[in-house]
Amino acid sequence: MGLTNHSVGINALDSALTITRRTPEDKVIALAGNPNVGKSTIFNALTGMNQHTGNWPGKTVSNAQGFCQSEKNSYVLVDIPGTYSLMAHSAEEEIARNFICFGEPDAVVVVCDATCLERNLNLVLQTMEISSRVIVCVNLMDEAGRKKIHLNLPLLSRRLGVPVVGTSARKKSTLEPLLHALDQVTAPTFTAFPAKVRYPDCIEHAIRMIEPLIEEKTGGRLNSRWLSLRLLHQDCSLLRELSGHLGEDFLRDPELLRGITLARKQLKREISSPEQWNDAVAGAIVSTAEKLCRDVVSYENSSYRKLDFAIDRLFTSRLTGFPLMLLLLAVIFWITIYGANYPSALLSDGLFFIQDRLTGLFHWLHAPSWLHGLLVLGLYRVLAWVVSVMLPPMAIFFPLFTLLEDAGYLPRIAYNLDKPFQCCRACGKQALTMCMGFLSAYPPYGFDLFFSLYWIPPTCSIRTA
Ligand SMILES: Nc1nc2c(ncn2[C@@H]2O[C@H](COP(=O)(O)OP(=O)(O)OP(=O)(O)O)[C@@H](O)[C@H]2O)c(=O)[nH]1
Ligand SMILES: [Mg+2]
């Protein structure tokens, strides 16, 4: 499913935050994490539902709910869209951020990719700034094992100050420890002391100036340190959500406004532009993640990372990334367009041979010509055309794209195309639908109707028009 007005429009947030509990005792758990780390796979395995999964980022674009049961509790799991940070930049990221920040879940499970843990810890650290009821679920442990990456999860748990479990979501049995951890974290007696990010001194000083005031004004409804940090930086979309959550009057409170203005004035002496602010905040989070990860991750095969980086550079650098991508896509289109001619011809020969026999049968039965026209020349003939023209290219194109997906090349295409797509207010993740659009514009296959009706998400067609 793509982005639609319903999933990201003005009404999206309300529906995204409406949680349906089966019993009042049900605990609400948010499944957060970077894109493509296996959140929906975990969600499906635990709830028995069928959320869309696949090997490219950005499949889940709005919240989905499902129920699961542990030894002690029943849970409402909420599968939220993947996000790299809580400083949202896109509509899906806003949905994820809003649920973590304002959805008041009983606990947040941050799903991480075991093969690139350090990058995933950025979101873990940001989530721990909001809630202390956090579980870090290091997924794709089987992939890490295959790549000979060793992870010391007990050490990571001690350093983060929250429970950490390792899972391979495709094997349901590995999810048992996650349910135990959920029982532990949602227990009323649970206490945790999550690791904190230490920001540059000027930011820490500004936070200290307004934190007590914010604590008093919010009555502890939101984490005051996190909220102070966000209020010091004028994040318009978050401010909008805040006034919806805490009430319009909160942001208009004169005492609060005075405090924030004073703190911002002090801060401006050292951090004068939004870019400097972003660098300072993101830099502190990244270096904390780096320190936390030290000794936790070790590589048996030290050349593995070098090879991985070399492949990434080859497929995503400006010099080689675009020519390789264009070449590969051209080969795929060539195979699809020309390769489909042969099975198409075979199919149409076979199906029209049957049409001739059916016509013979209708003549032999002395059937009225209108009946022959309706059933054979109308119904059967249209069906035969559609099948012989559409089936072969689809049967070639989709398996080829599945191969690219499994090899992990689709996210690289998305990365390469992100900047150019942003020029027309789209994003690189729409590469797959763009390729389908290209095929749809190829007249002999008459894909237009089929894809425009069933495959191209409405927002893509609007944005690229
Ligand atoms: N080998 C392996 N593959 C996994 C595991 N968990 C998930 N996958 C695969 O990883 C891919 C991404 O999984 P999803 O569940 O769609 O990821 P997601 O985090 O929901 O992705 P977005 O919704 O795009 O953010 C799929 O191809 C899954 O089959 C795992 O533990 N091991
Ligand atoms: Mg998903």
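Residues numbered from 1 in each chain as written. Chains lettered and ligands numbered in written order. Predicted model: local features only at pLDDT ≥ 70, side-chain atom pairs only at ≥ 80, totals over all residues. Heavy atoms only, no water.

1. Here's the deal with the overall build of the chain
Move 1: Within the chain, the secondary structure is distributed over 22 helices and 8 strands.
Move 2: For the chain, the share of sequence-separated contacts (at least 6 apart) that also reach a separation of at least 24 residues comes to 71%.
Move 3: Carbon together with sulfur atoms contributes 59% to the accessible area of the chain, which is approximately 24,100 Å² in total. (Helix = DSSP H or I, 4+ residues; strand = E, 2+ residues; numbered from the N terminus. Contact = heavy atoms within 4.5 Å. Areas by Shrake-Rupley, 256 points an atom, 1.4 Å probe, with all protein chains shown as cover.)

2. A short note on the layout of surface pockets
Here the idea is plain: a probe the size of a water molecule rolls over the atoms and shows the empty space left.
Move 1: Of the pockets and cavities examined, the second largest pocket occupies roughly 300 Å³.
Move 2: Surrounding the second largest pocket, 13 residues form its lining, Leu232, Arg264, Lys268, Ile271 and Ser272 being those nearest its centre.
Move 3: It is helix H13 (residues 254-268) that provides the largest number of residues to the lining of the second largest pocket, a total of 5 residues.
Move 4: Looking at the lining of the second largest pocket, its residues break down into 5 nonpolar, 5 polar and 3 charged. (1 Å grid on protein atoms, 1.4 Å probe; cavity = no way out; pocket = protein on both sides within 12 Å on 5 of 7 lines; lining within 4 Å. Points joined across faces, edges and corners; volume = space filled by probe spheres on them. Nonpolar A, V, L, I, M, F, W, Y, C, P; charged D, E, K, R; others polar.)

3. What to know about the sheet that holds strand E1 (residues 27-33)
Move 1: Ordered in space as E2-E3-E1-E4-E5-E7, the 6 strands form an open sheet in which the pairing is mixed. Among the strands making up the open sheet, the edge pair consists of strand E2 (64-69) and strand E7 (164-166). Averaged over all pairs of adjacent strands, the angle between their axes in this sheet comes to 25°, without regard to strand direction.
Move 2: The pairing of strand E4 (residues 107-113) with strand E5 (residues 134-139) spans 6 bridges and is classified as parallel. When the sheet's bridge partners are listed, Val109 is paired in E5 with Ile135.
Move 3: Across the sheet, helix H3 (residues 39-47) lies against E1, E2, strand E3 (74-79), E4 and E5, angled at about 45° from E2, the strand it touches most.
Move 4: This element, helix H5 (residues 117-130), spans E1, E4 and E5 of the sheet and lies at about 165° to E4. (Pairing = 2+ DSSP bridges. Axes fitted to C-alpha atoms, helices over the stretch in contact; angles between N-to-C directions.)

4. Here's the deal with the pairing of E2
On any regular strand, side chains alternate: one points to one face of the sheet, the next to the other face.
Move 1: In E2, alternate side chains face the same way, and those of Ala64, Gly66 and Cys68 are buried while those of Gln65, Phe67 and Gln69 on the opposite face are not.
Move 2: The antiparallel pairing of E2 with E3 creates a hairpin that spans 4 residues between the two strands. (Buried < 20%, exposed > 50% of the residue type's maximum accessible area, 1.4 Å probe, protein only.)

5. Here's the deal with empty space enclosed by the protein
Move 1: Within this structure, the stated rule accounts for 2 cavities of 30 Å³ or more.
Move 2: What the second largest cavity holds in volume is close to 40 Å³.
Move 3: Looking at the lining of the second largest cavity, the elements with two or more residues in it are H5, helix H10 (224-232) and helix H14 (274-293).
Move 4: Take the lining of the second largest cavity: its biggest share by element is 3 residues, from H10.
Move 5: Taken together, the residues of the lining of the second largest cavity break down into 7 nonpolar, 1 polar and 2 charged.
Move 6: When residues of the lining of the second largest cavity are sorted by domain, at least three fall in each of domain 1 (5-185) and domain 2 (201-269). (Domains from an automatic or database assignment.)

6. Considering the confidence of the model for the chain
Do not read the predicted coordinates in detail wherever pLDDT is low.
Move 1: In the predicted model, the chain carries a mean pLDDT of 84, and 88% of its residues have values of at least 70.
Move 2: Across residues 1-15, where pLDDT falls below 50, the model places 24 contacts with residues more than four positions away in sequence or in other chains.
Move 3: Confidence drops under pLDDT 50 across residues 446-465; counting only partners more than four residues distant or on other chains, this segment forms 31 contacts. (pLDDT = per-residue confidence, 0-100.)

7. With respect to the pattern of salt bridges
Move 1: For the structure shown, the criterion picks out 9 salt bridges.
Move 2: A salt bridge links Arg159 to Asp295; the nearest nitrogen and oxygen atoms lie 3.1 Å apart. In this pair, Arg159 sits in helix H7 (residues 153-160) while Asp295 sits in the loop between H14 and strand E8 (297-299), placing the two residues 136 residues apart along the sequence.
Move 3: Of the residues examined, Arg159 reaches a relative accessible area of 27% and is grouped as partly exposed.
Move 4: Within the structure, one salt-bridge network assembled from shared partners comprises Asp142, Glu143 and Arg146. (Salt bridge = Lys/Arg side-chain N within 4 Å of Asp/Glu carboxyl O.)

8. Describing the nonpolar core
Move 1: In terms of nonpolar packing, the biggest core is built from 72 residues, with Leu117, Leu160 and Ile203 touching the most fellow members.
Move 2: Considering each element in turn, this core owes the most residues, 8 residues, to H14.
Move 3: A domain-level breakdown of this core finds at least three residues from each of domain 1 (5-185) and domain 2 (201-269).
Move 4: If we skip the residues at most four places from it in the chain, Leu117 touches Cys112, Val138, Leu151, Leu156, Cys293, Val296 and Val297. (Core = buried A, V, L, I, M, F, W, Y, C linked by side-chain atoms within 4.5 Å.)

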